[in-house]
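Here are the chains, one letter per residue:
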Amino acid sequence: EIAVEKIGIIHPGNTVVALRQSEDVNTVIEQRCEQQNAQLIWVEAKPDYQDSNDAVAVATVKVLAESDSWTYQPDLASGAFEHIFIPGRFEKRSLYNNLLILDGAHNPQKLSALVDHIHTTTESKFTIILAIAKRKDLSSCIEIIKPIAARIIATSIDTNQRHVLRDISTAKEVVSLCQASGIECKLVELPTEALELASTFANPVLATGSFYLLHEVDRVLQQQN
């Protein structure tokens with residue numbers, strides 16, 4: 001469904017750089033490119049999602065270099081990747097001298113990629129602060145993060161900036177699903193209080209599920225500094 005929406009941007013004669021994924025997604029992209037007479041360049045997926053993102057970026061830069069008649073420099077690209085910082089994408093911060101990771105993984109696919117990435121970096125279990133929007137596949141989200149969860153602190157999302165009132169009904173549903181799955185879970189309405197509770201445990205902390213949550217966590221961390 002996401003691919004069907006995204007391919008609308010492909011126009012006649014475009015060059016398309018795409019990450020090879022599942023067969024049904026690949027077929028959607030291939031058919032649109034064929035319809036639009038667009039050149040399709042596939043990039044093979046890597047074991048780690050960040051590496052896959054990097055590979056897509058490199059492939060795109062190579063296309064631009066060729067079309068605009070300038071030279072792609074691998075060493076320059078490698079150096080650039082070492083200094084790239086994307087807020088809210090496996091962003092490492094400190095919470096009272098403990099590791100805090102901020103990642104806006106907000107659906108099962110992104111959470112799965114996040115968990116896979118964590119497995120490549122550490123065997124630690126995390127205290128997870130989870131605030132997730134309605135209409136998500138909550139059950140799948142909980143099962144995906146279960147292997148890395150020492151406990152889950154379910155909290156709400158402050159979307160007042162978008163004129164949507166804070167709603168804890170989804171957080172309550174998260175608690176119910178965690179209890180059914182045998183995961184220790186506590187409901188804390190405010191993310192600020194959830195962060196404070198998370199700091200009382202020895203485990204590293206992961207805040208995820210929504211960029212709204214990350215915004216609030218970042219605001220608290222800046223106030224502490």
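Described below are features of the structure shown in this document. All of these numbers come straight from a predicted model, not from anything done at the bench. (Residues numbered from 1 in each chain as written. Predicted model: local features only at pLDDT ≥ 70, side-chain atom pairs only at ≥ 80, totals over all residues. Heavy atoms only, no water.)

1. Observations regarding helix 2 (residues 23-35)
Under the convention used in this document: Helical segments are the DSSP runs of H or I of at least four residues, strand segments are the runs of E of at least two, and each set is numbered from the N terminus. Under the convention used throughout, the expected extent of a helix is 1.5 Å for every residue step, that is, one less than its residue count. Relative accessibility decides the category of a residue: with a 1.4 Å probe and only protein chains considered, values under 20% of the type maximum give buried, values over 50% give exposed, and everything between is partly exposed. When we speak of the arc, we mean the arc of directions from the helix axis to the C-beta atoms.
Between its terminal C-alpha atoms helix 2 stretches 18 Å, which fits the 18 Å expected from 13 residues at 1.5 Å a residue. Along helix 2, the positions that sit buried rather than exposed are Asn26, Ile29, Arg32 and Cys33. Buried residues along helix 2 cover an arc of 130 degrees about the axis, so they all sit on one side. For helix 2, the exposed residues set more than 90 degrees away from the buried face come down to Glu23, Asp24, Glu34 and Gln35. In the stretch just after helix 2, asparagine 37 is the one whose phi turns positive, near 55 degrees.

2. Here's the deal with helix 5 (residues 108-121)
For helix 5, which comprises 14 residues, the first-to-last C-alpha distance of 20 Å matches the rise-based estimate of 20 Å (1.5 Å per residue) to within 8%. Of the positions making up helix 5, those classed as buried are Leu111, Leu114, Val115, His117 and Ile118. The arc enclosing the buried residues of helix 5, seen along the axis, measures out at 160 degrees, which places them on a common side. Within helix 5, the exposed residues directed more than 90 degrees away from the buried face are Gln109 and Thr120.

3. Section: the side chain of serine 156
Selection criterion: Here a polar contact is recorded for every N or O atom pair within 3.5 Å, except that within protein the pair must consist of a potential hydrogen donor and a potential acceptor, and residues adjacent in sequence are included only if both atoms are side-chain atoms.
When you line up the elements, serine 156 lands in the loop between strand 6 (149-154) and helix 7 (169-181). Among the polar contacts made by the side chain of serine 156, one reaches the main-chain carbonyl oxygen of glutamate 189 at a distance of 2.6 Å.

4. With respect to the packing of helix 5 against helix 6 (residues 138-145)
The condition is simple: Angles here are taken between N-to-C directions and fall from 0 to 180 degrees, while the axes themselves are lines fitted to C-alpha atoms, restricted in helices to the stretch in contact. Here the word oblique covers every angle except those under 35 degrees (roughly parallel), over 145 (roughly antiparallel) and from 65 to 115 (roughly perpendicular). The contact criterion used throughout is that any non-hydrogen atoms of two residues lie within 4.5 Å. Throughout this entry, Asp, Glu, Lys and Arg are counted as charged residues, while Ala, Val, Leu, Ile, Met, Phe, Trp, Tyr, Cys and Pro are counted as nonpolar. The remaining residues, Gly among them, count as polar.
It is at 9 Å that the axes of helix 5 and helix 6 come closest, and there the two elements cross at 0 degrees. Relative to helix 6, helix 5 is oriented roughly parallel. Between helix 5 and helix 6, the residues in contact are Pro108, Leu111, Ser112 and Val115 and Ser140, Cys141, Ile144 and Ile145, respectively. For the contact of helix 5 with helix 6, the per-class residue count stands at six nonpolar, two polar and no charged.

5. Describing the environment of leucine 95
Secondary-structure assignment places leucine 95 in strand 3 (residues 91-95). The class of leucine 95 is buried, set by a relative accessible area of 2%. Expressed as a C-alpha distance, the spacing of leucine 95 and cysteine 185, which sit 90 residues apart in the sequence, is 20 Å. Leucine 95 has contacts with Leu100, Leu195, Ser199, Val205, Leu221 and Gln224, leaving out every residue within four places of it along the chain.

6. Things to note about the environment of aspartate 54
Considering the arrangement of structural elements, one finds aspartate 54 in helix 3 (residues 49-68). Note: C-alpha distance between aspartate 54 and phenylalanine 81 (27 residues apart in sequence) is 7.8 Å.

7. Structural notes on the layout of surface pockets
Here is the rule we go by: Two kinds of site are reported from a 1 Å grid over the protein atoms alone, namely cavities, where a 1.4 Å probe fits but cannot get out, and pockets, open sets with protein on both sides within 12 Å along at least five of seven lines, and residues are called lining when an atom falls within 4 Å of a point. Grid points are joined across faces, edges and corners, and a volume is the space filled by probe spheres set on the points.
Approximately 1,700 Å³ is the volume attributed to the largest pocket. Along its surface, the largest pocket is lined by 47 residues, and Leu19, Gln21, Asn53, Gln109 and Lys110 are the ones closest to its centre. Ranked by residue count, the leading element in the lining of the largest pocket is helix 5, at seven residues. By residue class, the composition of the lining of the largest pocket is 25 nonpolar, nine polar and 13 charged.

8. A look at a negative patch on the surface
Test applied: Without a salt bridge and with relative accessible area above 30%, a residue can belong to a patch; like charges are then joined within 9 Å and nonpolar side chains (Val, Leu, Ile, Met, Phe, Trp, Tyr) within 5 Å. Per-residue and other accessible areas were derived by the Shrake-Rupley procedure at a 1.4 Å probe size, with only the shown protein chains allowed to occlude residues. Every case where a carboxyl oxygen of Asp or Glu lies within 4 Å of a side-chain nitrogen of Lys or Arg is listed as a salt bridge. In this tally Asp and Glu are treated as negative and Lys and Arg as positive; neither His nor the chain ends contributes. Throughout, a charge is located at the NZ atom of Lys, the CZ atom of Arg, the CG atom of Asp or the CD atom of Glu.
Together, Glu23, Asp24, Glu30 and Glu34 line one region of the surface with negative charge. Topologically, glutamate 34 is positioned in helix 2.

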